[in-house]
Amino acid sequence: MAYTLVHGENVKFMYGASSATTEIAGLREIPEFSKPAREKVEITCLADTEKKYLAGLGDSVSELAFKFLYEKGTFDTLNKLTEDQKCKLVLSDGSSFEFAGKFAMSYNGGGVNTAAEMTLTITVSGEPPVFTPGA
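These figures come from a predicted structure and were not determined experimentally.

Participant: Quick question: what am I supposed to make of the overall build of the protein here?
Facilitator: When you go through the protein residue by residue, the secondary structure sums to one helix and ten strands. Listed N to C, the secondary structure of the protein is β-β-β-β-β-β-α-β-β-β-β in terms of helices and strands. A globule of 135 residues ought to have a C-alpha radius of gyration of about 14 Å, yet the protein, at 19 Å, is considerably larger. Projected onto its principal axes, the C-alpha coordinates of the protein cover approximately 65 × 40 × 35 Å. Here the protein, with 135 residues, has 27% of them falling under the buried criterion. The protein carries 13 positive and 18 negative side-chain charges, and their two centres are separated by 1 Å.

Participant: Teacher, can you tell me more about the pairing of strand S9 (residues 117-124) here?
Facilitator: It is a general feature of regular strands that their side chains alternate between the two faces of the sheet. Across the eight residues that make up S9, a large majority, seven, are buried. Pairing between strand S6 (residues 63-69) and S9: seven bridges, direction antiparallel. Pairing of Leu-64 across the sheet is with Ile-122, part of S9. One ladder, built from seven bridges, connects strand S8 (residues 96-107) with S9; its direction is antiparallel. Residue pairing across strands places Phe-103 opposite Ile-122, the latter belonging to S9.

Participant: Is there a simple way to think about a nonpolar patch on the surface in this case?
Facilitator: A surface patch of nonpolar side chains, about 240 Å² in accessible area, is lined by Val-41, Ile-43 and Leu-54. Relative to the elements of secondary structure, Ile-43 occurs in the loop between strand S4 (40-42) and strand S5 (53-55).

Participant: Would you explain the nonpolar core in this entry?
Facilitator: One recurring pattern in soluble globular proteins is that nonpolar side chains are buried together. The biggest cluster of nonpolar side chains holds 22 residues, and the ones touching the most others in it are Phe-13, Phe-66, Leu-89, Phe-99, Leu-120 and Ile-122. With sequence-adjacent residues up to four places away left out, Leu-89 is seen in contact with Val-11, Lys-12, Phe-13, Leu-27, Ile-30, Phe-33, Phe-66, Ser-95, Ser-96 and Phe-97.

What counts and what doesn't
- Residues numbered from 1 in each chain as written.
- Predicted model: local features only at pLDDT ≥ 70, side-chain atom pairs only at ≥ 80, totals over all residues.
- Heavy atoms only, no water.
- Helix = DSSP H or I, 4+ residues; strand = E, 2+ residues; numbered from the N terminus.
- Rg over C-alpha atoms; globule rule 2.2 N^0.38 Å.
- Buried < 20%, exposed > 50% of the residue type's maximum accessible area, 1.4 Å probe, protein only.
- Lys, Arg positive; Asp, Glu negative; His and termini not counted.
- Charge placed at Lys NZ, Arg CZ, Asp CG, Glu CD.
- Pairing = 2+ DSSP bridges.
- Patch = residues over 30% accessible without salt bridge, like charges linked within 9 Å, V, L, I, M, F, W, Y side chains within 5 Å.
- Areas by Shrake-Rupley, 256 points an atom, 1.4 Å probe, with all protein chains shown as cover.
- Salt bridge = Lys/Arg side-chain N within 4 Å of Asp/Glu carboxyl O.
- Core = buried A, V, L, I, M, F, W, Y, C linked by side-chain atoms within 4.5 Å.
- Contact = heavy atoms within 4.5 Å.

Written out as structure tokens, the structure is:
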């Protein structure tokens, strides 16, 4: 069985048009890309001895939060973007996720002997993230 390591210099987060993508350096944490479970709709009747359910609606992946080392120039640039951005996360085995959305930046609090971090939260618009397997 082959496992994919998340760390390594081949893990990249990029945004922008495919002809002019920009990579954000200092990626520290990537979010979970799994689709949330569907809700259960209870359909139990008085004559039933156990509860019965139907599969209800599920949520789409709506927000993705990526953590990066804080860099003032990058923070300021991303914080000024108001239009939807095309995004691509490439893992070390070449697998990738592509999606689009609006950016929101936040500076994470810190403490003694900790790295300054920023979080890029992307509100996904349109289609859910598309996964392409690597080699």
